[in-house]
Amino acid sequence: MAHDTPSAWVRRFIPLIRPGGRVLDLAAGGGRHTRLLLDMGFVVTAVDRDIAGLHPLASGKCDLRALDLESGPPERALGPLGGFDGVVVTNYLHRPLFAPIAAAMASGGVLIYETFAAGNERFGRPRNPDFLLRRGELIAAFAVLTIIAFEEGEVTRPRPAFVQRIAALAGPLGRLPESDTELDATRRLAGGEPAPAA
Ligand SMILES: C[S@@+](CC[C@H](N)C(=O)[O-])C[C@H]1O[C@@H](n2cnc3c(N)ncnc32)[C@H](O)[C@@H]1O
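Because the structure is a prediction, the values reported are computed rather than measured.

Participant: Which parts of the structure should I look at to understand helix 2 (residues 32-39)?
Facilitator: A large share of helix 2 lies buried, amounting to six of its eight residues. Of the residues making up helix 2, those classed as buried are His33, Thr34, Arg35, Leu36, Leu37 and Leu38. Summarising the contacts, the buried residues of helix 2 are in contact with helix 1 (8-13), strand 1 (22-26), strand 2 (43-48), strand 3 (62-66) and strand 4 (84-90). Following helix 2 by one or two positions, Gly41 adopts a phi angle in the positive range, close to 95 degrees.

Structure representation (structure tokens):
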């Protein structure tokens, strides 16, 4: 599987984000989720300290921000950015940002977070505990939100790793995504494609 393939966890929970809403892709890297979100009709703010690889995605619907998220006070790391209907964080961990991430969400917003966890040392990098979530850490970190899904353990794809992942709402419980079928329907709507015959 190519390393630019979107995370299955992210794909699973994107349908909970308000259609056409504003989504923050934090530490966006090469933009695998920025690209997916744009394809699905969202307005995306992609933040990374290195946005060179993101330039082809820049548009009226995609705001690129070159920010060092780890310099200065964490509460100022995102500057004026906030009010997001969705926040996506994958394969990135800087613990002081947990509270600013939660604060950057609009009411009803959806947080989708997936990164490496303690246990990953067996498989390779990252091995440094600074970059590995402790057991159940995302649940505690985002207790201020309504947690709708949490997983922790070993995965084999896109490569063997130990991960932790959460989906949480800035608001009360609501409906859950049904399956990739729903995601496919959302993508068809965004792309104006016709639905297949029943
Ligand atoms: C492993 S990549 C993950 C990229 C993307 N989220 C993904 O899963 O495809 C980690 C990203 O964090 C970014 N990053 C690391 N430290 C950062 C910092 N201090 N400020 C902003 N971005 C940072 C790196 O530039 C890199 O793009």
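Participant: Explain the site of the ligand here, please?
Facilitator: Residues in close proximity to the ligand total 15 residues, the closest being Ala27, Gly29, Arg49, Glu70 and Thr90. For the shell around the ligand, a count of residues per class yields five nonpolar, four polar and six charged. Two domains each donate at least three residues to the shell around the ligand, and these are domain 1 (18-69) and domain 2 (84-170).

Participant: Explain the pairing of strand 7 (residues 161-169) to me, please; I cannot follow it from the model alone.
Facilitator: Within a regular beta strand, the side chains point alternately toward one face of the sheet and then the other, so they alternate between its two faces. With seven of its nine residues buried, strand 7 lies for the most part within the structure. Two elements, strand 6 (residues 146-155) and strand 7, share nine bridges in a ladder whose sense is antiparallel. Residue Ile147 lies in a different strand from strand 7, and its bridge partner there is Ala168. Counted between consecutive antiparallel strands, the loop separating strand 6 from strand 7 contains five residues.

Participant: How should I be thinking about unusual backbone geometry in this particular structure?
Facilitator: A negative phi angle is the norm for most residues apart from glycine, just as the trans form is the norm for most peptide bonds. A cis amide bond links Arg125 with the next residue in sequence, Pro126, at an omega value of -5 degrees. With respect to the helices and strands, the residue Pro126 is situated in the loop between strand 5 (105-116) and helix 4 (137-141). Of note in this structure, Ala27 is not a glycine but carries a positive phi near 55 degrees. On the secondary structure map, Ala27 appears in the loop between strand 1 and helix 2. In this structure, Asn91 is a non-glycine residue whose phi angle is positive, near 55 degrees.

Participant: Would you mind showing me how to read the nonpolar core here?
Facilitator: Proteins that are soluble and globular tend to have nonpolar side chains buried together. If you look at the biggest cluster of nonpolar residues, it comprises 52 residues, and the most contacted ones within it are Phe13, Val23, Leu26, Ala46, Val87, Leu111 and Ile112. Looking at which element gives the most residues to this core, the answer is strand 5, with six residues. When residues of this core are assigned to domains, at least three map to each of domain 1 (18-69) and domain 2 (84-170). With residues up to four places along the chain from it excluded, the contact list for Ile112 reads Trp9, Val10, Phe13, Val88 and Ala167.

Participant: Please explain the confidence of the model for the protein chain as it appears in this structure.
Facilitator: Low-confidence regions, as indicated by low pLDDT, have predicted coordinates that should not be scrutinised in detail. Residues of the protein chain with pLDDT of at least 70 account for 88%, and the chain-wide mean is 91. In this model, residues 192-198 is a region of pLDDT below 50 whose contacts with residues beyond four sequence positions or in other chains number three contacts.

Participant: Looking at this model, I keep getting lost on the pairing of strand 4. Mind explaining?
Facilitator: Burial of strand 4 is extensive: seven of the seven residues sit out of reach of the surface. Pairing geometry for strand 4 and strand 5, over six bridges, is parallel. What sits directly across from Val89, in strand 5, is Tyr113. Chirality of the crossover, the property in question, places the unit of strand 4, helix 3 (residues 98-103) and strand 5 among those that are right-handed.

Participant: Explanation requested: the environment of Leu38 in the structure shown.
Facilitator: Looking at the element boundaries, Leu38 is found in helix 2. Given 20 C-beta atoms within a 10 Å radius, Leu38 is considered buried. Sequence separation between Leu38 and Lys61 is 23 residues; the distance between their C-alpha atoms is 7.4 Å. Contacts of Leu38, omitting those with residues within four sequence positions, involve Val44, Leu57, Lys61 and Cys62.

Basis of the calculations
Position numbers for residues start from 1 in each chain and track the written sequence from start to end. The predicted nature of this model means local features are confined to residues of pLDDT at least 70 and side-chain atom pairs, given and counted, to a pLDDT of 80 or more, with totals for whole chains, interfaces and linings taken over all residues. Residues with at least 20 neighbouring C-beta atoms inside 10 Å of their own are called buried, those with 12 or fewer are called exposed, and the rest are partly exposed, where every C-beta is derived from the backbone. Think of it this way: any DSSP run of H or I at least four residues long counts as a helix, any run of E at least two long counts as a strand, and we number them from the N terminus. Any residue pair is listed as a contact if its two C-beta atoms, each placed from the backbone, are within 7 Å. Any residue whose C-beta atom, as placed from the backbone, lies within 6 Å of a molecule or strand is termed near it. Note that Gly is not counted as nonpolar here; it falls among the polar residues with everything else outside the nonpolar set of Ala, Val, Leu, Ile, Met, Phe, Trp, Tyr, Cys and Pro and the charged set of Asp, Glu, Lys and Arg. Segmentation of the chain into domains, including their bounds, is taken from an automatic or database domain assignment. Think of it this way: DSSP has to see at least two bridges between two strands before they count as a pair. To define a nonpolar core, we join buried Ala, Val, Leu, Ile, Met, Phe, Trp, Tyr and Cys residues through C-beta atoms within 7 Å and take the resulting set. For every residue, the predictor reports its confidence as pLDDT, a number between 0 and 100. Call a crossover right-handed when, viewed with both strands pointing away from you, the route from the first strand across the helix to the second goes clockwise.

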